[in-house]
Amino acid sequence: MRIVVTGASGFLGSALIKRLRNDTGIELIALSSSADIAGELRDGVMYYHKDAVFGEFATELLEGSVVVNCAYPRNSTGSAVADGLLYISRLFDACRACGARAVINISSQSVYDGKREAAAKESDALSLDTPYAVGKYSTELMIESVCASCNMAYTNVRMASLIGPAFNQRIVNRFVRRALDMEPISVNLNRQIFGFLDIEDAVSSIVGLIKLDAKNWKPVYNTGIGKGYTLKEMIEAIQEVFAERGKDFPEVTYNDDDAVGNTSVDYNLLEADTGFRPEMDIKSSVIAILEQMEA
């Protein structure tokens, strides 16, 4: 099986490649916009520039392949997002033209109501409240439109917000960093629920779909842990890990706040089709983040 991974230098793409590169049943191709790695062979994986799928080797790369699209501009300007969406549109067209077997498009839980009462299910109504959500849903419409005129299989994975080592934009990573530096931590007590998905579980969910016959894919799968954590629960998990390792912990101040939110995501449909179950709880993620920071 040939697997083509776009966004190969990103957080999810690089973790997926790391997991797949030791699978002897897979020929792995990585597409990246990074000038530092494009055109190189690294750890047995050939990296191509992301535009290689539009050039003379397009058919060689895509024909019969399962394409995992992890490419999407994060925290970018409107023009950068527009360029990213144009790339994804061209990618999906190239997959059709060159005879790709199937496409797994990584979407986001952000397409659901951010103040939902429970973990989002695939049947829940959409609530495209942010530009990011609109952009992600646009990629879902793109692949649906492309595949309507051919036999190429596809699925959209509405993934929970990722967490893990070196992904320091996440609040858990920032809490761990402050604790290591013995800086005071201020936490809001509110009704916000964060449904973080550890990067290791995220990769496992994609691998499960790769191993499943693409003919049996549903158009949409949610990938999360089925629940979420409050900020207080995150701090308590970090404190527990620090205590177990004999580490001092800085002062924590709790403040009342009336913010409401929920980003948790259900995974029951994916479990029914692939057997996927998340294995990393918040404490396990904290341990991995702490070990990376101390390495």
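Anything mentioned here points back to the structure above.
Structural notes, computed from the coordinates. Keep in mind the model is a prediction, meaning the values are calculated, not measured. (Residues numbered from 1 in each chain as written. Predicted model: local features only at pLDDT ≥ 70, side-chain atom pairs only at ≥ 80, totals over all residues. Heavy atoms only, no water.)

What follows is about the overall build of the protein. Assigned secondary structure in the protein consists of nine helices and twelve strands. In terms of overall size, the protein behaves like a compact globule, its C-alpha atoms giving a radius of gyration of 20 Å where 295 residues would be expected to give roughly 19 Å. Referenced to the eigenvectors of the C-alpha coordinate spread, the extents of the protein come out at roughly 60 × 40 × 40 Å. Classification of the 295 residues of the protein by burial places 49% in the buried group. (Helix = DSSP H or I, 4+ residues; strand = E, 2+ residues; numbered from the N terminus. Rg over C-alpha atoms; globule rule 2.2 N^0.38 Å. Buried < 20%, exposed > 50% of the residue type's maximum accessible area, 1.4 Å probe, protein only.)

On the surface, a cluster of nonpolar side chains totalling about 210 Å² of accessible area is made up of Leu126, Leu128 and Val134. For Leu128, the location among the structural elements is in the loop between strand S6 (102-108) and helix H4 (131-147). Since its relative accessible area comes to 34%, Leu128 is described here as partly exposed. (Patch = residues over 30% accessible without salt bridge, like charges linked within 9 Å, V, L, I, M, F, W, Y side chains within 5 Å. Areas by Shrake-Rupley, 256 points an atom, 1.4 Å probe, with all protein chains shown as cover. Salt bridge = Lys/Arg side-chain N within 4 Å of Asp/Glu carboxyl O.)

Before going further, it helps to examine the pairing of S6. Counting buried positions along S6 yields seven of seven residues, so the element is predominantly enclosed. With burial as the criterion, each face of S6 is covered, one bearing Ala102, Ile104, Ile106 and Ser108 and the other bearing Val103, Asn105 and Ser107. Note that strand S5 (residues 66-69) and S6 share four bridges and pair parallel. Each residue of the ladder has a partner; that of Val66, found in S6, is Ala102. Taking the sense of rotation as the criterion, the β-α-β connection linking S6, H4 and strand S7 (residues 153-159) turns out right-handed. (Pairing = 2+ DSSP bridges. Right-handed = clockwise from strand over helix to strand, strands pointing away.)

Turning our attention to the pairing of S5. Across the two faces of S5 the burial is the same, with Val66 and Val68 and Val67 and Asn69 all buried. Bridge count between strand S1 (residues 2-6) and S5: four bridges; the pairing is parallel. Bridge pairing in S5 links Thr6 to Asn69.

This next bit is on the pattern of salt bridges. By the definition in use, this model includes 15 salt bridges. Salt-bridge contacts for Glu291 lead to Arg245; the nearest nitrogen and oxygen are separated by 3.1 Å. Of the two residues, Glu291 sits in helix H9 (residues 282-294) while Arg245 sits in the loop between helix H7 (231-244) and strand S12 (252-262), which places them 46 residues apart along the sequence. Overall, Glu291 belongs to the partly exposed group, its relative accessible area being 42%. Several salt bridges converge on common partners, so that one network encompasses Glu240, Glu244 and Lys283.

So, on to the side chain of Ser161. Here Ser161 is to be found in the loop between S7 and strand S8 (162-163). Note on Ser161: relative accessible area 17%, which makes it buried. The residues contacting Ser161, other than those within four sequence positions of it, are Gln109, Arg170, Gly195, Phe196 and Leu197. (Contact = heavy atoms within 4.5 Å.)

Bringing the sheet that holds S1 into the picture now. Through backbone hydrogen bonds, the strands of a sheet pair up, either in parallel or in antiparallel fashion. Sheet architecture is open: eight strands sit in the order S3-S4-S2-S1-S5-S6-S7-S11, paired in mixed fashion. Edge positions in the open sheet fall to strand S3 (41-42) and strand S11 (220-223), since each of these has one partner strand only. In this structure, S3 lies alongside strand S4 (residues 45-49), joined through two bridges in antiparallel fashion. What sits directly across from Leu41, in S4, is Met46. Sheet strands touched by helix H1 (residues 11-20): S1, strand S2 (27-32), S4, S5, S6 and S7. Its angle to S1, the strand with the most contacts, is close to 155°. Across the sheet, helix H3 (residues 78-98) touches S1, S2, S5 and S6, and the angle it forms with S5 is around 175°. (Axes fitted to C-alpha atoms, helices over the stretch in contact; angles between N-to-C directions.)

Let us look at the side chain of Ser127. Of note, Ser127 is situated in the loop between S6 and H4. At 2.9 Å, the side chain of Ser127 forms a polar contact with the side chain of Asp129. Those residues in contact with Ser127 that sit more than four places away from it in its chain are Ser110, Val111, Tyr112 and Asp113. (Polar contact = N/O pair within 3.5 Å; in protein donor to acceptor, adjacent residues only side chain to side chain.)

Turning to H9, a few remarks are in order. For an α-helix the count is 3.6 residues per turn, leaving residues at separations of three or four pointing the same way. Counted at 1.5 Å a residue, the expected span for H9 with its 13 residues is 18 Å, and the 18 Å between its end C-alpha atoms agrees. Buried within H9 are the following residues: Ile282, Ser285, Val286, Ile289, Leu290 and Met293. Along the axis of H9, the buried positions cluster into a sector of 130°, meaning they face one direction only. Looking at the buried residues of H9, the elements they touch are S8, helix H5 (171-180), strand S10 (197-198) and H7. (Expected span 1.5 Å × (residues − 1). Arc of directions from axis to C-beta.)

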